[in-house]
Amino acid sequence: MPSETPEFRPISRRTLFAAALGGVAVGVVGNSLFAGAANAAPAAGRKKLLIGSVDPLGNGILQLADPSLTGEQTIVAVNGQPNGIAGSPDGLRAYVGTVFGPGLSVVDVDGGRVTGEVAVGGFVNELIVSPDGRTVYVATGSSGGGGSRGHVAVVDTATGEVRALIKAGLLPHTLALTPDGKQLFVGDERAKGITIIDTAKNAVSGSFKTEKSPMQLAIDPKGKNLYVASSRELITFDLRGGKSGSTELEGVPCGLAVHPNGTFAVVSLYTGRNTDSQLVTVNINSNKVRTKEGNGKANGPLTMSKDGGRAFVLDKKNRKITSADSSTGKPDSSLSTPNSNTPTCVAFVETA
């Protein structure tokens, strides 16, 4: 039986702005300010669920919650609607991409404060952190028409320097990085294709077309295959773009994650206005659906715990996040966003 959703006391705009102004770096970002947490590192195994949300006026917050979806939370104001979140490999920092400039905020997870901001040259779609934690790759774009306006910003996490701006199609949106960090795959929703970036050279090394718009990307833990979730289909490619299999889905994928054991993927699906969303698990070796569960209106982006045991899916309609057993896809608890904010992105971090 689902656990009860904890109640929240209203959070004033003054409180949110005070939280933001307490630690935001404006302009040039100093090394120590950008790089990190001022407090002593927490014990190994500390886990946090990072939930980005936005209010009707466009003010963004980051909700730092226990993955059990119970207990105390920390609320951090960020500069505009969060579009993507990624945690550092050591679990100490969160990188939040926002619609408004500068575009990238750095958050001390345990201190609960913004410690730096970086201008990345456009509104952020998604972002991803390198396995060694030294680089954040930020997919940015423009809503305007005409020409190639999208790029991937390569940000040094120690200094906040943007080392490169790599053109990556018309509207780079979703990202996947090989486990060794050597190749970055960028999904282009507008041009129906994948751009491949050599991260050592910070340059495009290849590309390939997809029949449908790539809506979500993921790579298996061994770095062998790229999984592309498109409308009503999960497609398997090798890392050169060769298609090796596909699985039919019953809706539009809004979230995708591959289990750490590399045997199955979890997909959140929008199936229509008048039908429940689905949380589906797919055997990525046989290209067959394993389980399929209704998940109310939770069809947004998802994240998975590091051990692969839990999947967390955003429910934008009901202003909450749901938690499910990732192996069965069965939801069992939920957590509301503060002040009924609309949730926009989610990530999981754990201290090494």
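Described below are features of the structure shown in this document.

1. What to know about the overall build of the protein chain
Counting secondary structure elements, the protein chain contains two helices and 28 strands. Within the protein chain, buried positions represent 53% of all 352 residues. Residue pairs at least 24 apart in sequence account for 45% of intrachain contacts in the protein chain once pairs closer than 6 positions are excluded. Accessible surface computed for the protein chain: about 14,900 Å², of which carbon and sulfur atoms make up 49%.

2. A closer look at the pattern of salt bridges
Think of it this way: side chains of opposite charge can pair up when their charged atoms draw near. Applying the stated criterion across every chain, the model contains seven salt bridges. Among the ionic pairs, R46 bridges to D110, the shortest N-O distance being 2.5 Å. Of the two residues, R46 is situated in the loop between α2 (31–35) and β1 (47–54) and D110 in the loop between β6 (103–108) and β7 (113–119); the sequence distance between them amounts to 64 residues. Residue class for R46 comes out buried when judged on its relative accessible area of 13%. Note on D110: relative accessible area 36%, which makes it partly exposed.

3. Quick notes on the sheet that holds strand β2 (residues 60–65)
Pairing within the open sheet is antiparallel, and its four strands lie in the order β3-β2-β1-β28. The open sheet has two free edges, formed respectively by β3 (74–78) and β28 (342–350), since each of these has just one partner strand. Recorded for the sheet is a direction-independent mean angle of 20 degrees between the axes of neighbouring strands.

4. What about the nonpolar core?
Grouped burial of nonpolar side chains is what soluble globular proteins tend to show. Core analysis: the largest hydrophobic core is formed by 14 residues, its most contacted members being L50, L62, V76, I85, A94 and V107. Elements that contribute at least two residues to this core include exactly β2, β3, β5 (93–98) and β28. Per-element tally for this core: the top contributor is β28, with three residues. Look past the residues within four positions of L50 in its chain and what remains in contact with it is L62, Q63, L64, I85, A94, C345, V346, A347 and V349.

Reading guide: rules and limits
- Residues numbered from 1 in each chain as written.
- Predicted model: local features only at pLDDT ≥ 70, side-chain atom pairs only at ≥ 80, totals over all residues.
- Heavy atoms only, no water.
- Helix = DSSP H or I, 4+ residues; strand = E, 2+ residues; numbered from the N terminus.
- Buried < 20%, exposed > 50% of the residue type's maximum accessible area, 1.4 Å probe, protein only.
- Contact = heavy atoms within 4.5 Å.
- Areas by Shrake-Rupley, 256 points an atom, 1.4 Å probe, with all protein chains shown as cover.
- Salt bridge = Lys/Arg side-chain N within 4 Å of Asp/Glu carboxyl O.
- Pairing = 2+ DSSP bridges.
- Axes fitted to C-alpha atoms, helices over the stretch in contact; angles between N-to-C directions.
- Core = buried A, V, L, I, M, F, W, Y, C linked by side-chain atoms within 4.5 Å.

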